[in-house]
Amino acid sequence: MAAIMIDGVHALSRGTTGIGSYTNALASTLRTMNFEVDILCGAPIKSLAGDPPTAISSQVFGQSPSEPPKRVPKLKRLLKKFSSKQEEHRADPLAEISTLGLDLSAMEGQFPEFDRLWNCHDLYRSADSFMGKRQQFLEVDMPESISAAHWTFPLPVAARGVPNVCTIHDVIPLQFPYFVAGDKGRMARLLTIATQRNDQIITVSEASKRHIVEILRVPEERVSVTYQIAPPTQRLPEEEAE
């Protein structure tokens with residue numbers, strides 16, 4: 001069975017966000033279509049020799065998404081600075097997250113349906129930093145079971161060796177830049193590179209597709225519209241419905 005990797009950026013957010021709801025709906029729909037769904041988290045974790053399988057899951061789900069980054073020792077910063085360009089643009093290897101004893105039902109906000117969980121150490125923060133320095137996407141190697149990667153919003157990350165799909169919900173930062181203080185052109189660069197690095201762009205309305213085609217100069221055939229899924233509602237008894 002084919003497996004699709006989905007980013008877990010908003011899956012770990014406290015509470016429910018719009019993109020978090022989109023991620024949940026996407027995962028549920030893919031599984032309904034008989035795809036397996038893998039979720040890729042990017043938590044900063046520390047692995048020690050002899051760690052139990054639960055050591056990664058307790059770190060990934062046991063920290064606040066808004067935790068400030070830890071200061072990198074000077075020696076490590078120097079080593080990274082002088083590392084080769086080939087090494088720099090590759091993310092750390094993925095580590096599978098054990099679900100042994102893991103109960104996500106009490107999380108604030110619904111966690112997406114999944115078949116496997118993965119973590120790449122500090123992936124999304126590292127990718128954002130790399131994008132700022134090099135204007136390039138950080139590349140990440142996928143497990144052999146993965147057939148494609150779907151990024152639920154523009155992220156400066158690209159999966160190696162498989163098709164990449166990205167959802168661009170809108171281009172509001174380009175249409176109304178005065179609503180995005182201090183952007184300094186970041187979103188324009190990110191959206192432009194996202195349309196170049198991803199094999200297909202998904203958006204949620206015909207209006208958004210038109211804006212993506214016109215403003216980002218993307219060929220129409222590379223932009224597909226999949227409308228937002230309405231959440232299921234409880235059916236009312238006939239007498240109450242009247």
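Residues numbered from 1 in each chain as written. Predicted model: local features only at pLDDT ≥ 70, side-chain atom pairs only at ≥ 80, totals over all residues. Heavy atoms only, no water.

Draft legend 1. A look at the packing of aromatic side chains. In the structure shown here, the tally under the stated rule is five aromatic pairs. Seen in terms of ring centroids, Y178 and F179 are 4.8 Å apart; in terms of plane orientation they differ by 70°. Their pairing is edge-to-face. Here Y178 matches F179 in class, with each residue exposed. (Phe/Tyr/Trp six-rings, centres within 6.5 Å; stacked < 30°, edge-to-face > 60°. Buried < 20%, exposed > 50% of the residue type's maximum accessible area, 1.4 Å probe, protein only.)

Draft legend 2. Quick peek at a negative patch on the surface. A grouping of E206, E214, E220 and E221 is seen on the molecular surface, where their side chains present a negatively charged patch. Relative to the elements of secondary structure, E206 occurs in helix 8 (residues 206-215). Since its relative accessible area comes to 45%, E206 is described here as partly exposed. (Patch = residues over 30% accessible without salt bridge, like charges linked within 9 Å, V, L, I, M, F, W, Y side chains within 5 Å. Areas by Shrake-Rupley, 256 points an atom, 1.4 Å probe, with all protein chains shown as cover. Salt bridge = Lys/Arg side-chain N within 4 Å of Asp/Glu carboxyl O. Lys, Arg positive; Asp, Glu negative; His and termini not counted. Charge placed at Lys NZ, Arg CZ, Asp CG, Glu CD. Helix = DSSP H or I, 4+ residues; strand = E, 2+ residues; numbered from the N terminus.)

Draft legend 3. Molecular detail of the environment of I202. Turning to its location among the elements, I202 is positioned in strand 9 (residues 200-203). You can call I202 buried: its relative accessible area is 10%. Taking the C-alpha atoms as reference points, I202 and T226, separated by 24 residues in sequence, lie 6.8 Å from one another. I202 has contacts with Y22, H150, V165, C166, T167, I168, S224 and T226, leaving out every residue within four places of it along the chain. (Contact = heavy atoms within 4.5 Å.)

Draft legend 4. Here's a closer look at a nonpolar patch on the surface. On the surface, a cluster of nonpolar side chains totalling about 460 Å² of accessible area is made up of I172, F176, Y178 and F179. For F176, the position within the fold is in the loop between helix 6 (172-175) and helix 7 (186-197). With relative accessibility at 31%, the residue F176 sits in the partly exposed group.

Draft legend 5. Examining helix 8 more closely. Restricting attention to buried positions, one finds in helix 8 the residues S208, K209 and I212. Burial along helix 8 is one-sided: seen end-on, the buried residues are contained in an arc of 105°. Against the buried residues of helix 8 lie strand 9 and strand 10 (223-225). Immediately beyond the C-terminal end of helix 8, within one or two residues, lies R217, with a positive phi of roughly 60°. (Arc of directions from axis to C-beta.)

Draft legend 6. Layout of the nonpolar core. Residues I6, I39, V60, F61, I97 and F111 are the most contacted members of the largest nonpolar core, which totals 24 residues. Contributing elements (two or more residues each) for this core: strand 1 (3-7), helix 1 (18-32), strand 2 (36-41) and helix 2 (54-60). Examining the composition of this core, we find that four residues originate from one element, helix 1, more than from any other. When residues no more than four places from it in sequence are discounted, the contact partners of I97 are C41, I56, S57, V60, F61, L117, W118 and N119. Grouped together as the second largest cluster of nonpolar side chains are 22 residues, L40, L94, C120 and A159 included. (Core = buried A, V, L, I, M, F, W, Y, C linked by side-chain atoms within 4.5 Å.)

Draft legend 7. Highlighting the sheet that holds strand 2. The strand order 3-4-2-1-6-8-9-10 describes an open sheet built from eight strands, whose pairing is mixed. Both edges of this open sheet fall to strand 3 (95-97) and strand 10, since each of them pairs with a single strand only. The average angle at which neighbouring strand axes cross in this sheet is 30°, direction not considered. As defined by bridge partners, strand 1 adjoins strand 6 (residues 146-151) across four bridges and the pair is classed as parallel. When the sheet's bridge partners are listed, M5 is paired in strand 6 with A149. Contacts from helix 1 reach strand 1, strand 2, strand 6, strand 8 (164-167) and strand 9, with the element oriented near 175° to strand 1. (Pairing = 2+ DSSP bridges. Axes fitted to C-alpha atoms, helices over the stretch in contact; angles between N-to-C directions.)

Draft legend 8. Fine view of the side chain of N164. Within the element layout of this structure, N164 appears in strand 8. Under the relative-accessibility criterion, N164 is labelled buried at 4%. Excluding anything up to four places from it in sequence, N164 contacts A149, W151, A158, A159, R197, N198, D199 and Q200.

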